[in-house]
Amino acid sequence: MNVPRDTATQRLTGASIAFQGVSQAFGKVQALDNFSLDVRAGEFVTFLGPSGSGKTTALNLLAGFLEPSSGDILIDGRSIAHLPTEQRNVGMVFQSYSLFPHMSVLENVAFPLRMRGVSLRERSTRAEAVLELVQLKGYGSRRPHELSGGQRQRVAFARAVIFEPKVLLMDEPLGALDLKLREAMQHEIRQLQRRIGCTVIYVTHDQSEALSMSDRIVVMNNGGIQQIGTPREIYDQPANPFVANFVGEINLVAGRFEGGEVSLAGHGGAVPSSTSLQDGWRGTAAIRPELFERNLRGPHVVSVDCQIVDAAFQGSGMRYTADAAGLGPIVIHELRRAGAAPLEPGDRAVFGFELERVVFLNH
C-alpha cells in the first residue's frame with residue numbers, strides 16, 4: 001500500500017483467510033473442533049462468543065502463537081499453519097496496548113520497522129504519516145503515560161499497521177476502556193479499517209460491539225461455530241436458541257404449529273399464522289423485547305396481559321420485566337412516546353406482538 005510512506009488515503013490490499021477443518025486440543029480439552037471459515041479480502045469479521053468458546057484460540061492459531069492439532073490455515077491461498085509469526089505479514093492489537101513505556105509514541109509506532117531493519121529516516125517518516133492517519137499528528141514526542149486510553153489504543157493500531165500487514169488481528173482491544181470511549185473507538189477503528197483496506201479478524205464477547213462494527217459475525221461456543229452471518233442476520237434470524245439468547249436480550253417461549261395456527265405454551269389460544277413451519281412443528285418462539293407494543297391487537301397479534309415486576313429507565317425508553325399471563329417472566333423494551341406514561345411495578349397492561357416477526361427455532 002505504502003500508506004505511511006506516501007499518503008494516508010491509499011489502501012492496503014487485504015488478504016483472504018481460510019480455516020480448513022482446524023482443531024486444537026489442550027490435553028483432554030478440545031478448544032477448537034473442526035473449525036472451517038472463509039474470510040474475504042478486506043472483510044471485517046468478528047469472532048463472538050463467551051469465555052471458553054474458542055474465539056481466542058482461533059485468533060492465536062492465525063497469529064502463529066499456536067500450531068493446529070489438525071487442519072490447515074491459509075492466507076491468500078498459502079498455507080501458514082506452520083510458518084513462524086514474523087513470516088505471516090499479520091498485525092496484532094491487544095487489549096493491554098503493549099506499548100513500551102520508555103519509548104516515545106513515535107518510537108513505539110516505528111518499532112516494527114526498526115525490527116525489520118528499515119533506516120531511521122524512513123521509519124520516522126512512515127511513523128509520522130501513520131500517526132496522522134490515526135489523528136495523532138504532533139503526539140510523536142510524548143510518552144504512553146501522557147496519553148488517554150483512547151489515544152494509546154490508536155498508537156497500538158498505528159504500530160500494528162505501519163509495516164503494511166494484509167491481515168490485522170484484534171483481541172478484545174477495547175475491553176479496558178469506559179463505555180463512552182469504547183463506543184467512540186468502535187467507530188474510529190471501523191473508519192480506519194475502511195480507509196486502509198486490510199482484512200480484520202476481531203475477537204470480543206461484547207455483542208453490541210460485534211453488531212456495530214462487523215461485516216460478518218462468527219458466533220462461537222464450545223469450540224465450534226453456531227452461526228455465521230451479517231449483524232442483521234445474526235440478530236433478526238438467529239440459527240438456534242444459543243445464538244438467540246447470547247446476542248441481545250430475548251424471550252424464549254415453547255410453541256407449536258398445527259392447522260395453520262401457532263400456540264405458545266400456556267398462552268391459552270392459537271393465533272393464525274402464514275409462517276412456513278411444517279404442520280406439527282414443536283420448538284421455541286424467540287421474541288425480541290422491542291417487538292412488544294402496548295395495546296397492540298390484530299388478527300396475527302399475540303396479546304398478553306402483563307403485570308409489571310420491574311421498571312428501569314434507559315434514556316430512549318423503558319425496560320420492563322413483567323409477569324405475562326401464560327408466558328411467564330418476560331422482558332419488554334418500550335420506546336418513549338408522547339402521551340404514553342411509563343408503567344410502574346405493580347401496574348397491569350396489555351402488550352402485543354406481531355406473530356410474523358417472531359423467529360421459530362427447533363429445540
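In case you missed it, the structure is sitting above this.
Residues numbered from 1 in each chain as written. Predicted model: local features only at pLDDT ≥ 70, side-chain atom pairs only at ≥ 80, totals over all residues. Heavy atoms only, no water.

Engineer: With reference to specific residues and values, describe the packing of helix 2 (residues 105–115) against helix 3 (residues 120–133).
Structural biologist: Where helix 2 contacts helix 3, the axes come no closer than 9 Å and their chain directions differ by 120°. In terms of orientation, helix 2 lies oblique with respect to helix 3. Regarding helix 2 and helix 3, the two cross each other, and that crossing is right-handed. Contacts between helix 2 and helix 3 involve V105, L106, V109, A110, L113 and R114 from the first element and R123, S124, R126, A127, E128, V130 and L131 from the second. Looking at the contact of helix 2 with helix 3 residue by residue, the class counts come to eight nonpolar, one polar and four charged. (Axes fitted to C-alpha atoms, helices over the stretch in contact; angles between N-to-C directions. Helix = DSSP H or I, 4+ residues; strand = E, 2+ residues; numbered from the N terminus. Parallel < 35°, antiparallel > 145°, perpendicular 65-115°, else oblique. Left-handed = near helix turned anticlockwise from the far one by under 90°. Contact = heavy atoms within 4.5 Å. Nonpolar A, V, L, I, M, F, W, Y, C, P; charged D, E, K, R; others polar.)

Engineer: Would you mind going over the pairing of strand 16 (residues 301–313) in detail, with residue names and values included?
Structural biologist: As paired strands, strand 16 and strand 19 (residues 348–354) are joined by seven bridges and run antiparallel to one another. Opposite V301, over in strand 19, you have E354 as the bridge partner. Where strand 16 meets strand 17 (residues 317–324), seven bridges bridge the pair, whose relative direction is antiparallel. Following the sheet pairing, C306 is matched in strand 17 by A324. In textbook terms, the turn of a hairpin is the stretch between consecutive antiparallel strands, and for strand 16 and strand 17 this stretch comprises three residues, one of which, G315, has a positive phi near 85°. (Pairing = 2+ DSSP bridges.)

Engineer: Would you mind going over the packing of aromatic side chains in detail, with residue names and values included?
Structural biologist: Scanning the model with the defined rule gives nine aromatic pairs in all. Measuring from centroid to centroid gives 5.1 Å for F292 and F353, while their planes differ by 70°, and the two rings are edge-to-face. With F292 in the loop between strand 14 (281–287) and strand 15 (293–294) and F353 in strand 19, this pair connects stretches of sequence that are 61 residues apart. Comparing F292 with F353, the two get one shared label, buried. Members of the aromatic cluster, joined through ring pairs, are F19, F35 and F47. The aromatic ring of F163 is capped on one face by R116, whose charged end is 4.0 Å from the ring centroid. (Phe/Tyr/Trp six-rings, centres within 6.5 Å; stacked < 30°, edge-to-face > 60°. Buried < 20%, exposed > 50% of the residue type's maximum accessible area, 1.4 Å probe, protein only. Lys NZ or Arg CZ within 6 Å of the ring centre and 35° of its normal.)

Engineer: Explain the sheet that holds strand 4 (residues 70–75) residue by residue, including any values.
Structural biologist: Sheet architecture is open: four strands sit in the order 2-1-4-5, paired in antiparallel fashion. Edge positions in the open sheet fall to strand 2 (29–39) and strand 5 (78–79), since each of these has one partner strand only. Summarising the sheet, strand 4 and strand 5 pair through two bridges and their orientation is antiparallel. Along strand 5, the bridge assignment pairs L74 with S79. Each of strand 1 (17–26), strand 2 and strand 4 is contacted by helix 1 (residues 55–63), which is oriented at about 115° to strand 1, the strand it contacts most.

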